[in-house]
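# Architecture and fold: a report
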Amino acid sequence: MSYTKQVMEQVIKRNSGEPEFHQAVLEVLDSLEPVFEKNPQYVNAGILERIVEPERQIIFRVPWVDDQGKVQVNRGFRVQFNSAIGPYKGGLRFHPSVNVGIIKFLGFEQIFKNSLTGLPIGGGKGGSDFDPKGKSDGEIMRFCQSFMTELSKHIGADTDVPAGDIGVGGREIGYLFGQYKKLRNMFEAGVITGKGLTYGGSLVRTQATGYGLVYFMEEAIKAKGKSFDGATVVISGSGNVAIYAAEKAQQLGSTVVALSDSSGYIYDKNGINLDTVKQIKEVERKRISEYVKIHPSAEFFNSCDGIWSIPCDIALPSATQNELDGEAAKKLVANGCYAVGEGANMPATPDAHKVFLENNVIFAPGKAANAGGVATSALEMSQNSMRLSWTFDEVDARLKDIMINIYHNASAAAKEYGFEGNLIVGSNIAGFIKVADTMLAHGI
Ligand code: GLU
């Protein structure tokens, strides 16, 4: 049995009942076979056995009182996966599907994503099975305060720096930071990112994941003589990633024809009106189906399955993990889609990867293509350390540079190891080598 297969067996045995974590590890390990053949020093130092095991995992009780005066209890998580190249860094996800396996898959991916940014950030992730849907503002605040009361014991600007993810946006970050500040009696701006602009947040952070995704894809398709100008684009999701990916794609001359949420998707062949979507999603916090009331020429479908059967040139899955399977991938290919970029973390299944690779579709994995969010978080940390703020254009230019570099580094790594054009392999290798070399340098 090969070395990576042996490690994989151990991961499955030690982390039973965590299929998403197994999936994320398997994808990386498959890519790394040629790296271990060339670099026996990694095998001797047990880098792989170490990198699949989080440095620390914290699981805690989050009690809070709802609007009826009833005590509710949720479970909180923070997985501090790898601190070789910088403080643990990664978002917090509040969603009923959250469990330790989900947080571990996200934390594991974050190690390589953060390494790819070229910035000094390690990998971590956290969250809770709390469901923010339908909760009042007061309930959200009390939950965030209770969550931070425990989390504050484990984080710090040079230790572990959380941010947002699904279910955690500007409002939640505000409550979390406010509670941290009270507990510590200290204004430690760099302890959390995605902050509001009045208290240490960075311009472009809100747009960064979506804009970065499009900057990455623009570079990737340029290599094949294509561009966003005139392209038809399908995007799943309608959170922060999807909305700002759509905004940048439109600015570059594309027509974005679909967006979705967990209740279904909207199709507007004339191109989605983003002001309407922002009003519905960011201001009113309502369902995407509201869109067709304002734009009756658009259609709403009350299931997410069909979104990938809409003909498009470029698809940007930006909702959640495993939302695009092998069958959906076949439909995209049959309809002429030539590029897919993951705005969410691991939205395409391994079967979908196979379909894209076999059909020469440009496929950009999330750990490369959606790294713009965390990269801009690292730029927020830099500004906090310097106690100054850069302009929108300055942050945006840095973000664009970072995304273009990630594309070229992933592409070059794929070529060097004999997998030209395979950005999955290239991203995994490029992300891994920097962390592995640092772990070698640090000893065990
Ligand atoms: N949740 C985002 C991600 O998946 C951003 C994390 C951050 O900014 O720390 O990368």
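This text goes with the structure placed above it.
Below or above, wherever it landed, is the structure these notes cover.

Cut-offs used in this document
Going along each chain's sequence as written, the residues are numbered from 1 onward. Given that this is a predicted model, residues contribute local features only at a pLDDT of at least 70 and side-chain atom pairs are listed and counted only at 80 or more, while totals for whole chains, interfaces and linings are drawn from all residues. Hydrogens and waters are ignored; side-chain quantities use all the structure's heavy atoms. Helix numbering and strand numbering both begin at the N terminus, where a helix is a DSSP run of H or I of at least 4 residues and a strand a DSSP run of E of at least 2. C-alpha atoms define the radius of gyration in this analysis, and the globule rule sets the expected value at 2.2 Å times the number of residues to the power 0.38. For the exposure calls, accessible area comes from a 1.4 Å probe over protein chains only, and a residue counts as buried if that area is under 20% of its type's maximum, exposed if over 50%, partly exposed in between. The accessible surface values rely on the Shrake-Rupley method and a 1.4 Å probe; as for residues, cover is taken only from the protein chains in view. Under the counting rule used here, the positive set is Lys and Arg, the negative set is Asp and Glu, and His together with the chain ends is not counted. We put the charge of a Lys on NZ, of an Arg on CZ, of an Asp on CG and of a Glu on CD. Here the expected span of a helix is defined as 1.5 Å times the quantity of residues minus one. Contacts are residue-level and defined by heavy atoms, with any inter-residue pair within 4.5 Å sufficient. For salt bridges, the criterion is a side-chain nitrogen of Lys or Arg within 4 Å of an Asp or Glu carboxyl oxygen. We call a residue near a molecule or strand whenever a single non-hydrogen atom of that residue lies within 4 Å of it. A 3.5 Å cut-off defines polar contacts: any pair of N or O atoms within that distance qualifies, except that in protein one atom must be a possible hydrogen donor and the other a possible acceptor, and neighbouring residues in sequence count only when both atoms are side-chain atoms. Note on geometry: axes are lines fitted to C-alpha atoms, helical ones only across the stretch in contact, with angles between N-to-C directions running from 0 to 180 degrees. In these notes the angle categories are as follows: under 35 degrees is roughly parallel, over 145 is roughly antiparallel, 65 to 115 is roughly perpendicular, and the rest is oblique. Should the near helix be turned anticlockwise from the far one by less than a right angle, the crossing is left-handed, and should it be turned clockwise, the crossing is right-handed. Two strands qualify as a pair provided that DSSP identifies no fewer than 2 bridges between them. Note on handedness: a clockwise path from strand one over the helix to strand two, with the strands aimed away from the viewer, defines a right-handed crossover. Pairing of aromatic rings covers Phe, Tyr and Trp, the last through its six-membered ring, and needs centres within 6.5 Å; plane angles under 30 degrees mean stacked, over 60 mean edge-to-face, and all others mean tilted. Any Lys NZ or Arg CZ that is within 6 Å of a ring centre and within 35 degrees of that ring's normal is treated as a charge sitting over the ring. Excluding any residue in a salt bridge, patches collect residues exceeding 30% relative accessible area, merging like charges within 9 Å and nonpolar Val, Leu, Ile, Met, Phe, Trp and Tyr side chains within 5 Å.

Take the overall build of the chain next. Counting its secondary structure elements, the chain contains 17 helices and 12 strands. At 21 Å, the chain has a C-alpha radius of gyration in line with the 22 Å of a compact globule built from 444 residues. By principal-axis analysis of the C-alpha atoms, the chain measures approximately 65 × 55 × 45 Å. Here the chain holds 444 residues, and the buried ones make up 57% of them. If you sum the accessible surface of the chain, you get close to 17700 Å²; carbon and sulfur atoms cover 50% of it. Here the chain contributes 45 positively and 50 negatively charged side chains, and the mean placements of these two sets differ by 4 Å.

Across its 15 residues, helix H6 (residues 137–151) extends 21 Å between first and last C-alpha, which sits within 8% of the 21 Å expected from 1.5 Å per residue. Of all the positions in H6, only Glu-139, Ile-140, Phe-143, Cys-144, Ser-146, Phe-147, Met-148 and Leu-151 are classed as buried. Those residues of H6 that are buried are in contact with strand E1 (56–65), strand E2 (71–82), strand E3 (88–94), strand E4 (123–128), strand E5 (160–163) and helix H7 (170–184).

Attention now goes to the side chain of Asp-396. Tracing the chain through its elements places Asp-396 in helix H16 (residues 392–416). Buried and without a salt bridge, Asp-396 has Lys-248 as its closest oppositely charged side chain, separated by 4.6 Å. Sequence-distant contacts of Asp-396, defined by excluding residues within four places in its chain, comprise Val-204, Tyr-211 and Tyr-215.

Let us now look at the site of the ligand. Taken together, 14 residues form the shell around the ligand, and within it Lys-89, Lys-113, Gly-164, Asp-165 and Ser-377 come nearest. Lys-89 has a polar side-chain atom sitting 2.7 Å from an oxygen atom of the ligand. Asn-345 places a side-chain nitrogen or oxygen 3.1 Å from an oxygen atom of the ligand. Here the ligand has 300 Å² of accessible area as a free molecule, and 94% of this is covered by the chains. Elements with a contribution of two residues or more to the shell around the ligand: E3, helix H5 (100–116) and helix H15 (372–386).

Two elements in contact, helix H8 (residues 205–222) and H16, have axes separated by 9 Å at closest approach and are oriented at 45°. As the angle between them shows, H8 and H16 are arranged oblique. For H8 against H16, the interelement crossing comes out right-handed. Contacts between H8 and H16 involve Gln-207, Ala-208, Tyr-211, Gly-212, Tyr-215, Phe-216, Glu-218, Glu-219 and Ala-220 from the first element and Phe-392, Asp-396, Leu-399, Lys-400, Met-403, Ile-404, Ile-406, Tyr-407 and His-408 from the second.

On to the pairing of E4, then. Counting buried positions along E4 yields six of six residues, so the element is predominantly enclosed. Here E4 shows a buried face lined by Gly-123, Lys-125 and Gly-127 and a second buried face lined by Gly-124, Gly-126 and Ser-128. Note that E2 and E4 share six bridges and pair antiparallel. Residue pairing for E4: Gly-76 is matched across the bridge by Ser-128. By the bridge criterion, three bridges tie E3 to E4 in an arrangement that is parallel. When the bridges of E4 are listed, Phe-94 appears paired with Ser-128. Regarding topology, H5 serves as the crossover connection from E3 to the parallel E4, and that connection is right-handed.

For the structure on display, the rule yields 23 aromatic pairs. The ring of Tyr-211 carries the charged tip of Lys-248 above its face, separated from the ring centre by 4.4 Å.

A separate point is unusual backbone geometry. Of note, the phi angle at Arg-285 is positive, near 55°, even though the residue is not glycine. Positionally, Arg-285 belongs in the loop between helix H10 (274–283) and helix H11 (291–294). Unusually for a residue other than glycine, Arg-387 sits at a positive phi of about 55°. Topologically, Arg-387 is positioned in the loop between H15 and H16. Judged by its relative accessible area of 76%, Arg-387 is exposed.

Judged by side-chain polarity, Val-65, Val-71 and Val-73 come together as a nonpolar surface patch covering roughly 250 Å² of accessible area. When you line up the elements, Val-65 lands in strand E1. A relative accessible area of 37% places Val-65 in the partly exposed class.

Before going further, it helps to examine the packing of H8 against H15. It is the contact of H8 with H15, at a shortest axis distance of 7 Å, that shows an interaxial angle of 145°. As H8 runs across H15, the sense of the crossing is right-handed. Counted together, Arg-205, Ala-208 and Thr-209 of H8 and Gly-372, Gly-373, Val-374, Thr-376, Ser-377 and Glu-380 of H15 form the full contact between these two elements.

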